[in-house]
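Survey of secondary and tertiary structure
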Amino acid sequence: MSTKILNCITSNNINNSSTTTTTKTILPIISFNDPQNESIIKLCKLAQTTGIAFIKDLPFNVNFGNVQNIFDKLLSNQLLSKQLNDTYPKRGVFKTSALSKSNVDQKFTIDLSVNRLKLISNELRDQMNGDNQEFNQVIEFFENVHSNLLPLLLSATSEIIGKNLAAIHSQQNVNYRLCDYPTVNQLPSIQSNEMGCSSHSDYGTVTIIFQNEVNGLEYFDELSKSWVLVPANTVVVLWGQCSRILSNDKIVAVKHRVVRSNETFNKRRNTAILFIAPNLNTQLSPLNINGDNQLSPFNDDILSGKYDVNFFKDILGRKWRGREGNYDENDNESSNYDDNIDQFLYK
C-alpha cells in the first residue's frame, strides 16, 4: 500500500477522550410493525441527517446470558479458545488483547461470519454449546436478523442512492460480532482507559447493534458537535463509509464510540452486532450521479472506481486492528490510524 494513501488517513478534531455527552436523544424510534413504506421514509431521513436509527418491536432478540456464558467459557478454557482461533488462523476469532494491553479498546470480541461458521466442526460447536445450546441459539439469532431486518435496511439505502443494492450485496459479506465489555473486577485497566471502543465510523453499508441493559454507546451529532448517549437496550442501525460513497455523500457515516464511566465500571456490557458491506469486488464509487462528476465532492480516484470494497476494507482494517490491539507485524502503523478519511475521499 502506498505511503500517499496511508498518509491520507489522518486524525480529526473530535476529542476522543472527552466524555462530555448529552444525556438524552430525540431521534424517533421506528417500529418494525409499521408499514414498510413508512419505515423506509423514516429510515431514509435518518440516514441522510444523523446516520443512525433506532428500531423497536422486532420479533427476535439475543439472550445476553448466553453471550456471557460463551465468553466465560472461552476465557476459562485456553484449549477451547485456541481451537476456535485455529479455525481462522489469519486473524483468529476470539480476541482478548485488552487482557495484556491497557492502551487499546477495553473489550473482548468473538468475530464470526457466514463463511467462518462453516469452518467450525460439529465437535467444536458442541463444546461451544454446552447443555443449553447457547452457541447455536446466538447464531440462530444472527441469522434471523440477517434474513428479516437487513432487507428493510437495504431497501431504504437503495431508495436514497436510486439503485437497487441487492446485486452488490449478494456474496454474504456479513460479519457477526459479540462484544464483552468486562467489569473493573475482571479487567482493572478500564479505570485508566475509559474507551471501551474508541471513536470510529464503520467501513460498510450498515451496522446493526443489539445491546444489553448497560449504557455506553454514544454517537457524534454533527449538527450540535456533541456526543449523544444512546439508551441501553436499544436496537441501533448505523450507516457506514460504503453507503456514504455509494450515495455520493448523501448518507452520513456516523462516528460512534463506547465509553465506560464510574456508573458502568462494575456492570458488564454486552452487544451483538452485524456488519453488512457490499461484495468485496464492488467498485467503490457513487452509483447515481448521471455521469456529471462536477456534482460529486469525491476525488477522481473515487469517481473512477479505482478502489474496490476489498481495498477499502484493508485500509480501514489496519486502523481498527490497531485500535483493538489485534494488529500483526504487517500492521505496525495501525495504532496511529484515526477514523477521519476525508482526505482520502474528497477533492
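Residues numbered from 1 in each chain as written. Predicted model: local features only at pLDDT ≥ 70, side-chain atom pairs only at ≥ 80, totals over all residues. Heavy atoms only, no water.

1. Examining the overall build of the chain
Looking only at helices and strands, the chain features twelve helices and 13 strands. Put simply, the chain has 347 residues, and 56% of those count as buried. Sequence separation of 24 or more characterises 79% of the internal contacts of the chain that already satisfy a separation of 6 or more. Carbon and sulfur atoms make up 44% of the accessible area of the chain, which totals about 15600 Å². (Helix = DSSP H or I, 4+ residues; strand = E, 2+ residues; numbered from the N terminus. Buried < 20%, exposed > 50% of the residue type's maximum accessible area, 1.4 Å probe, protein only. Contact = heavy atoms within 4.5 Å. Areas by Shrake-Rupley, 256 points an atom, 1.4 Å probe, with all protein chains shown as cover.)

2. Brief notes about the pairing of strand S7 (residues 195–200)
Counting buried positions over the six residues of S7 gives six, a clear majority of the element. Where S7 meets strand S12 (residues 256–259), three bridges bridge the pair, whose relative direction is antiparallel. Each bridged residue has a counterpart across the sheet, and for Met195 the counterpart in S12 is Val259. (Pairing = 2+ DSSP bridges.)

3. Things to note about the environment of Asn103
Take Asn103: it is sitting in the loop between strand S4 (94–95) and strand S5 (108–113). A relative accessible area of 66% places Asn103 in the exposed class. Sequence spacing of Asn103 and Met195 is 92 residues, and the spatial spacing of their C-alpha atoms is 9.0 Å.

4. A short note on the pattern of salt bridges
Per the stated rule, a full pass over the model turns up 13 salt bridges. Between Lys42 and Asp34 there is a salt bridge whose closest N-O contact spans 3.3 Å. Taking the relative accessible area as the measure of exposure, Lys42 reaches 33% and is therefore partly exposed. Residue classification places Asp34 among the partly exposed positions, given a relative accessible area of 23%. Linking Asp180 and Arg268 is a salt bridge whose minimum nitrogen-to-oxygen distance equals 2.9 Å. With Asp180 in strand S6 (residues 174–181) and Arg268 in the loop between S12 and strand S13 (269–276), this residue pair connects regions lying 88 residues apart in the sequence. (Salt bridge = Lys/Arg side-chain N within 4 Å of Asp/Glu carboxyl O.)

5. Thoughts on the packing of aromatic side chains
Summed over the entire model, instances satisfying the criterion amount to eight aromatic pairs. Arranged with centres 5.2 Å apart and planes meeting at 10°, the rings of Phe298 and Tyr346 form a pair that is stacked. Of this pair, Phe298 sits in the loop between S13 and helix H10 (300–303) while Tyr346 is found in the segment after helix H12 (342–345), placing the two residues 48 residues apart along the sequence. With a relative accessible area of 0%, Phe298 lands in the buried category. Their ring planes at 10° and their centres at 4.7 Å tell us that Tyr307 and Phe311 sit as a pair that is stacked. Note on Tyr307: relative accessible area 8%, which makes it buried. We classify Phe311 as partly exposed; its relative accessible area is 25%. (Phe/Tyr/Trp six-rings, centres within 6.5 Å; stacked < 30°, edge-to-face > 60°.)

6. Details of the nonpolar core
Leu43, Ile110, Leu112, Phe142, Ile208 and Phe210 are the most contacted members of the largest nonpolar core, which totals 76 residues. The residues touching Ile208, leaving out its near neighbours within four places in the chain, are Val145, Leu149, Leu153, Val235, Val236, Ala272, Ile273, Leu274 and Ile276. Counting 21 residues, the second-largest nonpolar core is a separate cluster that includes Ile245, Leu284, Leu303 and Leu345. (Core = buried A, V, L, I, M, F, W, Y, C linked by side-chain atoms within 4.5 Å.)

7. Some points on the packing of helix H3 (residues 64–76) against helix H7 (residues 134–148)
The N-to-C vectors of H3 and H7 enclose an angle of 125°; their axes lie 9 Å apart at closest approach. When the interaxial angle is binned, H3 and H7 end up oblique. In terms of crossing hand, the pair formed by H3 and H7 is left-handed. Of the residues in H7, those touching H3 at Asn66, Val67, Asn69, Ile70 and Lys73 are Glu134, Phe135, Gln137 and Val138. Here the residues of the contact of H3 with H7 sort into four nonpolar, three polar and two charged. (Axes fitted to C-alpha atoms, helices over the stretch in contact; angles between N-to-C directions. Parallel < 35°, antiparallel > 145°, perpendicular 65-115°, else oblique. Left-handed = near helix turned anticlockwise from the far one by under 90°. Nonpolar A, V, L, I, M, F, W, Y, C, P; charged D, E, K, R; others polar.)

8. Comments concerning the state of the cysteines
Summed over the entire model, instances satisfying the criterion amount to zero disulfides. For the unlinked cysteine Cys179, the closest cysteine sulfur is that of Cys197, found at 7.1 Å. (Disulfide = S-S within 2.5 Å.)

9. As for helix H8 (residues 150–161)
In this model, H8 (twelve residues) spans 16 Å end to end at C-alpha, consistent with the 16 Å of a helix rising 1.5 Å per residue. Of all twelve residues making up H8, nine are buried, and the element is well covered by its neighbours. Listing the buried residues of H8 in full gives Leu150, Leu152, Leu153, Leu154, Ala156, Thr157, Ser158, Ile160 and Ile161. Looking at the buried side of H8, the elements it contacts are helix H2 (36–49), H7, strand S8 (206–211), strand S11 (235–239), helix H9 (241–246) and S13. Of the residues one or two after H8, Gly162 is the one with positive phi, at around 85°. (Expected span 1.5 Å × (residues − 1).)

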